[in-house]
Amino acid sequence: MAETNLANMIVPEVFGNYVANLSLKTNRFVQSGILTPDPILGARLTEPGTSITVPFINDLPDEDPDVWTDTDNIAVSNLTSGKQMAQKFYQAKSFGLTDQSALISGAPIQNMIGSRFANYWIRQDAKLLLNVLTGVFGVSKIQNSKIYDATAKMPTEANFNAKGFIGAKALMGDLSENTLTAIAVNSATYAQMQANGLIDTIQEQNAATPFGTYNGMTIVVDDDIPVDLSDKSKPTTTSYIFGTGAIGYSQNLYSTATERHELINGGETDIVQKRIATIHVIGTSIKNPIQNASYKDFAKSTNWEVVDGIEPKTVRVVAYKSTLDPTLVPGAEAPKPTPVTQGQG
C-alpha cells in the first residue's frame, strides 16, 4: 500500500516561502515598523563574508553661504562619506513530527509545522534585536546620549510615567516630534502604563496586531525585554523608543529540507531550515566581522561602535530605564508597611 508521510507532503521551496511570508505578516516588530525590511541588506545576505558594508553620504555641512559677488569665486564645499558594517548571522533549526502524533492530533500537518517555524523565527528575531540593543547601548557615545535613566535622574518618581517618557523623547532633540513612532516594552511595563492611564487606545491582541498606542506611538509588548529583580521591592526595566527606519532588517530562508526516519520513535520526519539574516541599528557598525556570531557576541558593547561622521542624536532609538510597581511584576515583592508603634501613656 502506498504511504503518505510528511516528506511527501512538503515541497521545500513552497514551504520555505510560506514560512518566510508568515514570519513577516505576524512579526509585531516588523508590523510596527521597528524592524524595517531593507532591500539593500537583503540583496547582499547570500554574498560571501560574515558582514555587509553599507556606504553612506553625510548630510550637507551646516556652513554659512558665501556672499554672492562678481569679484570673488564661490567656494566649493566637499561632501563626506562613510561606511557602516552590518553583521550577518547564520542559523539552523530542525523540528520533527512523529507519525503517531500526527495521527492523534488530526491537525493539518503542513500548516502546523509552518506556523511553528514562523513563530520560532519571530522569537529569534526579538531575542536578536534585544541583544543587539544591549550591545549598542553599551557603547559610550550611545550610553552618554541615548539613555534616560529615571532611577538616577528622578529617583522619587522613577516608575514608568509620562514625565520620564518625555525626558527620554527629549534625547532626540529637535528630531523627537516627527521621528519616534514605536515603543517596545515588556508586559509588566505595559501593565504599569495601563494602571497610569497612559494607553491611548487598546487594540484587540493577536499575533499580528500591536497592543495599542501611546502618544501616537505603536506599542509592542515582548517579554524578552527583561525585568531586573536584584531589588525585588524596586524592579527595574528598560523600554526602547524607536523611529522609523531605526533598525535595518532582512532574512533569507536559505534552504528547507525534510529527512525521514522510519525506525526512530515509530516513524519520524524532520524539517530542517537554515537562514541568513541581519539586524542592524542604523548609524552603528560592527567593529570586526565575527565568524559564527552568537547572541552573546551581539550583546557585547566591545563589538560595536558609532560610525565616524554620525552624530549620535541621529541614531533613531532611545532607551528609557525606569522602575515598576512591584505589585505588577511577577516575582517582585511590595515593601512591607512599617509597623506603627504606639506610645505608652
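Here, the structure is the one placed above.
Note that the coordinates shown come from a computational prediction; the quantities given were computed from them, not determined experimentally.

S.K.: Explain the overall build of the chain to me, please; I cannot follow it from the model alone.
M.R.: Looking only at helices and strands, the chain features 12 helices and 16 strands. For the chain, with 345 residues in total, the buried portion stands at 42%. Residue pairs in contact within the chain that sit at least 24 positions apart in sequence constitute 76% of those at least 6 positions apart. With the model as given, the accessible surface of the chain reaches about 18,600 Å², and the carbon-plus-sulfur share is 51%.

S.K.: Would you mind going over a nonpolar patch on the surface with me for this structure?
M.R.: On the surface, I57, L60 and L79 cluster together into a nonpolar patch covering about 350 Å² of accessible area. With respect to the element layout, I57 can be found in strand β2 (residues 51–57). According to the relative accessible area criterion, I57 is exposed, its value standing at 61%.

S.K.: Teacher, can you tell me more about the sheet that holds strand β12 (residues 247–261) here?
M.R.: Strands pair in a sheet through their backbones, by hydrogen bonds, and they do so in one of two ways: parallel or antiparallel. Strand order in this open sheet of four strands is β1-β12-β13-β4, and the pairing throughout is mixed. Edge strands, defined here as strands with exactly one partner in the open sheet, are β1 (35–37) and β4 (89–98). Averaged over all pairs of adjacent strands, the angle between strand axes in this sheet comes to 40°, irrespective of strand direction. Of the strand pairs in this sheet, β12 and strand β13 (residues 268–281) are connected by 14 bridges, and their pairing is antiparallel.

Parameters at a glance
Residues numbered from 1 in each chain as written. Predicted model: local features only at pLDDT ≥ 70, side-chain atom pairs only at ≥ 80, totals over all residues. Heavy atoms only, no water. Helix = DSSP H or I, 4+ residues; strand = E, 2+ residues; numbered from the N terminus. Buried < 20%, exposed > 50% of the residue type's maximum accessible area, 1.4 Å probe, protein only. Contact = heavy atoms within 4.5 Å. Areas by Shrake-Rupley, 256 points an atom, 1.4 Å probe, with all protein chains shown as cover. Patch = residues over 30% accessible without salt bridge, like charges linked within 9 Å, V, L, I, M, F, W, Y side chains within 5 Å. Salt bridge = Lys/Arg side-chain N within 4 Å of Asp/Glu carboxyl O. Pairing = 2+ DSSP bridges. Axes fitted to C-alpha atoms, helices over the stretch in contact; angles between N-to-C directions.

By themselves these figures say nothing about function.
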